[in-house]
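What follows is each chain in one-letter form.
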Amino acid sequence: MSFEPSDLFGPLAKAEPATRTVPVLVPMPAPGPYSYGVPAGMAVVPGSIVQVPLGPRKVIGVVWDGEEAGKVEAAKLRPIEKLFDCPPLDEAMRRFIDWVAAYTLSPPGLVARMAMRTPAAFDPEPMIEGLRFTGHEPDKLTPARRKVLELSSDGLSWTKSGLAHAAGVSTSVIDGLAKQGLFETVFLPPPPLVAKPDPDYAPHRLAGPQEDAAEVIVDDVKAGGFSVSLIDGVTGSGKTEVYFEAIAETLKQGRQVLILLPEIALTTAFLERFHDRFGAKPGEWHSDLATRTREKVWRQTATGDIRVVAGARSALFLPFEDLGLIIVDEEHDPAFKQEDRVFYNARDMAVVRAHIAKIPVVLVSATPSVESQVNSYSGRYKRIHLPTRFADAAMPDLHLIDMRRHPPEKGGFLSPLMLRAMAKTLEKKEQSLLFLNRRGYAPLTLCRVCGHRFQCPQCSSWLVEHRFRGQIQCHQCGYAEPTPQACPECGTLDHLVACGPGVERIAEEVEKHFPEARTLVLSSDMGGVKRLRLELEAIAKGEADIIIGTQLVAKGHNFPLMTLVGIVDADIGLANGDPRAAERTFQLLSQVTGRAGRTGLKSHGLLQTYQPQHPVMMAIVSGDAGAFYEREITERERAVLPPYGRLVSMIVSADNRIDAETHARQLRMAAPAVTGIAILGPAEAPLALIRGRHRFRLLIHGRKTSDMQAFVRTMLERGPKPVRSIQVQVDVDPQSFL
DNA sequence: AGCACGCCGACT
DNA sequence: GTCGGCGTGCTC
């Protein structure tokens, strides 16, 4: 090992003074870029990815544009160490980063970091060593050598291991031949990670509403420029097939496509579906990608080798070479929202990125978020409605069961109407699904003698009995202990009573009524992924009659023989403090009931509720555009959602670092007496921004639904004016927080 | 965000 | 006598 003087004396030995300085965004929460010197001969431009010294360490930064804020003292100024050999972030990407930083009130350096979270991706991938047949003769021709030569005489380049594998010989055969000069070494560019998708590989034959919908978005792609469409269609209506056509058109134009999906929807099934249509898989991007693959995807997206990326929210920050279309599937999914460091919702930022890049963006959901609904009703987004299912599959008929009129028998939780429907389904040899979003046997246990309630010692939520495991567990923090026999308060034996149903208890009730039926409980705590997959396969084969499941039955899986879906407590989840409770409940129940009837069998959904008469109004107060929006709940929603007078909406605080929605949620949890919450201004923007731009001083208004209704009506009378023009009077009642 | 410096408790 | 907790402060 040899040492140069500079190794000992560091920068002192550097002779070349920096000739100019440039702003560089560093991955750190500074308010703006830092200045660095550009060594003579280094050709940096805005967007160049560089390595710079920062304090004691070296970091990756990106050369920015704009004026440098102020002059730094010459003594502080340090030079850029290295310019990476990779495409610079383009103008649109840089403006996007600036925009996101401004909107989310985040330091631009941290936003830029999201676009560069791939440690070693910035140098070109090393070339691969390959071999090419030179045409010389070997000294001896053995059978193994013959096979190798047959293959390699095509004149193409082979990798050593590839050739050995193809010829069915070991690499030493090739080494031997190479020694005699039969092969020359060539350097090959690394193979692309995925093949290029072919827009004409296997087009779907679309008809009716699907065809019309596809035409609309394909036309948007053809026209070019910014547009936002919301494809809103029930489960099984062919939304994916429709947006695949827009992808095909974009590919024909030679531009790249980004498909954003919630992490859990990014499954092999989806990738295969894409492969079936385009003959190749899309590039994948998600959090648990291997580092090496991650780097390749990043780089090949930047160079344009990858044409389509399917990814979770962070894929939005990939540096596409020529992005032509963004799809946001399951746009309502809360997983698009990031709530650490930089707070952002990838769905909304996708619209921004599309706007800056002047390209179309397509939002897709069976149950669109209130924001997207508002934007589509107000004409800001184009609405594309797919009202029917593909082929002969029909949506299940939905009915509410008023539990006050059809109560369960004592000790039970299932209405006689539900049991009758289950019996009929069983007779027809079809499957029933009972949905209850509650794991375990009972959500609360108490002592009948002294009234003691079992509470978690760590976080004070109720301990849930799991009879199957003989434990009581906290679903909040994971605390668990064996189910006690005696009350810890008064010591009385055998007087503990389980309150309310969980899936295990429903299973017990079902087994009592239908002892001959094959009953199966699907719950996330009943075994691992493997077991779940086996059980799902068994169900698909008709090896179970009645399935009782928690939330995990809602997503993705198909149950071809399922013709009855029973919702045990349709109003569960409406009672908690979440301002989005009604919206979430509707989305969840839509997904669950959407499981039935997909193979054309006549199907039903029954929803048990104790609150069928609740006032019907859903007011949505939202949006940057600031329109207040109110509509009647649709018939479909009326059946799925126990009509509820919950106002989705509202406000306020001094915490500048969290967004309005998070704050509203926290506020609502802390103050259960508050009935209504309205978010005025962009729900997911930091409050400081809302307050700064929209001049908001708004607080809780009224503890009763009627107060909130009156308040919202007043706002509605003002018409759809921009939020920023409305001055809202603060109405704080400190008592309402108690 | 990292990372260093810096000042007070339980241990080889 | 040291190792190590995380509280402030700085990075072009």
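Residues numbered from 1 in each chain as written. Chains lettered and ligands numbered in written order. Predicted model: local features only at pLDDT ≥ 70, side-chain atom pairs only at ≥ 80, totals over all residues. Heavy atoms only, no water.

This next bit is on the protein's contact with DNA strand B. Surveying the vicinity of DNA strand B reveals the residues M28, P29, R57, R113 and R341. The sugar-phosphate portion of DNA strand B accounts for 56% of its atoms within 4 Å of the protein, the bases making up the rest. Across the surface near DNA strand B, the residue classes tally to 2 nonpolar, no polar and 3 charged. (Near = heavy atom within 4 Å. Nonpolar A, V, L, I, M, F, W, Y, C, P; charged D, E, K, R; others polar.)

What follows concerns the pairing of strand 15 (residues 342-345). On strand 15, burial covers both faces: V342 and Y344 on one face and F343 and N345 on the other are all buried. Strand direction decides the pairing type here: strand 14 (residues 337-340) and strand 15, joined by 4 bridges, are antiparallel. Bridge assignment links E339 to a residue of strand 15, and that residue is F343. What sits between the antiparallel neighbours strand 14 and strand 15 is a turn of 1 residue, in which R341 has the positive phi angle 55°. (Buried < 20%, exposed > 50% of the residue type's maximum accessible area, 1.4 Å probe, protein only. Helix = DSSP H or I, 4+ residues; strand = E, 2+ residues; numbered from the N terminus. Pairing = 2+ DSSP bridges.)

Position of P209 relative to the elements: it lies in helix 7 (residues 208-223). Residue P209 is classed as partly exposed on the basis of its relative accessible area, which comes to 30%. Here the alpha-carbon distance between P209 and T388, two residues 179 residues apart in the chain, equals 7.9 Å.

L258, L260, L316, F317, I326 and V361 are the most contacted members of the largest nonpolar core, which totals 53 residues. There are two domains that each give this core at least three residues, and those are domain 1 (5-116) and domain 3 (209-390). Apart from residues no more than four positions distant in its own chain, F317 is found in contact with M93, F96, V100, V111, M114, A115, Y344 and R353. Grouped together as the second largest cluster of nonpolar side chains are 29 residues, I217, V308, V364 and I384 included. (Core = buried A, V, L, I, M, F, W, Y, C linked by side-chain atoms within 4.5 Å. Domains from an automatic or database assignment. Contact = heavy atoms within 4.5 Å.)

Here the UniProt feature "binding site: Zn(2+) 2" (unreviewed entry) sits at C456, C459, C474 and C477. Residue placement: C456 occurs in the loop between strand 20 (444-447) and strand 21 (463-466). The exposure class assigned to C456 is buried, which follows from its relative accessible area of 4%. Setting aside chain neighbours within four positions, we find C456 in contact with S461, L463, C474, C477 and Y479. (UniProt positions renumbered as here; feature names shortened; annotations may be inferred.)

Before going further, it helps to examine the confidence of the model for chain A. Looking at chain A, the pLDDT average stands at 80 and 78% of residues meet or exceed 70. Here residues 614-630 is a poorly scored stretch, pLDDT under 50, and it has 69 contacts once near neighbours within four places are set aside; other chains count. Below a pLDDT of 50 lies the segment residues 688-709, which in the model reaches 72 contacts outside its immediate sequence neighbourhood of four places, other chains included. (pLDDT = per-residue confidence, 0-100.)

Quick look at the sheet that holds strand 5 (residues 82-83) now. On the basis of which strands lie adjacent, the open sheet formed by 5 strands has the order 2-1-4-3-5 and antiparallel pairing. Here the strands that pair on one side only, and so sit at the sheet edges, are strand 2 (34-38) and strand 5. Where strand 3 (residues 49-54) lies against strand 5, 2 bridges are found, and the strand directions are antiparallel. When the sheet's bridge partners are listed, Q51 is paired in strand 5 with K82.

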